[in-house]
Amino acid sequence: MTIFIEPICEQYEIPAGGEAVVTLEDGCPHSIDIHPDNWVSIWNEGSEFAVVEIFNEHQFSHPPQRAD
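Please read all numbers here as calculations on a predicted model, not as lab measurements.

Analysis parameters
- Residues numbered from 1 in each chain as written.
- Predicted model: local features only at pLDDT ≥ 70, side-chain atom pairs only at ≥ 80, totals over all residues.
- Heavy atoms only, no water.
- Phe/Tyr/Trp six-rings, centres within 6.5 Å; stacked < 30°, edge-to-face > 60°.
- Helix = DSSP H or I, 4+ residues; strand = E, 2+ residues; numbered from the N terminus.
- Buried < 20%, exposed > 50% of the residue type's maximum accessible area, 1.4 Å probe, protein only.
- Core = buried A, V, L, I, M, F, W, Y, C linked by side-chain atoms within 4.5 Å.
- Contact = heavy atoms within 4.5 Å.

1. Quick notes on the packing of aromatic side chains
- In this structure the tally under the stated criterion is one aromatic pair.
- Aromatic side chains Phe 4 and Trp 39 sit 5.4 Å apart centroid to centroid with 90 degrees between the ring planes, which places their arrangement in the edge-to-face category. Of this pair, Phe 4 sits in strand β1 (residues 2-6) while Trp 39 sits in strand β5 (residues 39-44), and the two are 35 residues apart along the sequence.
- Relative accessible area serves as the criterion here: at 18%, Phe 4 is assigned to the buried category.
- The class of Trp 39 is partly exposed, set by a relative accessible area of 29%.

Here it is, written out as structure tokens:
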């Protein structure tokens, strides 16, 4: 999946099985468009840059499995 942060057009690639956390400035307008071609466009109208953290599937904490 690809995330575009507008209006600066920053591009982030999310690996298969991965996850992204996007943090935008509080109180400022923004919009999110999800496109069928596996990409997301986020329009950030705040004065601060968006912060994007990308995690691959191996960085997630998995709950321990119980043996029944």
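Still more ground to cover, so stick around.
2. Examining the nonpolar core
- If you look at the biggest cluster of nonpolar residues, it comprises eight residues: Ile 3, Ile 5, Tyr 12, Ile 14, Val 40, Ile 42, Ala 50 and Val 52.
- Within the residue set of this core, elements represented by two or more residues are β1 and β5.
- If near-sequence neighbours (up to four positions away) are discounted, Ile 42 is found in contact with Ile 3, Phe 4, Ile 5, Glu 6, Val 22, Leu 24, Ser 31 and Ile 32.

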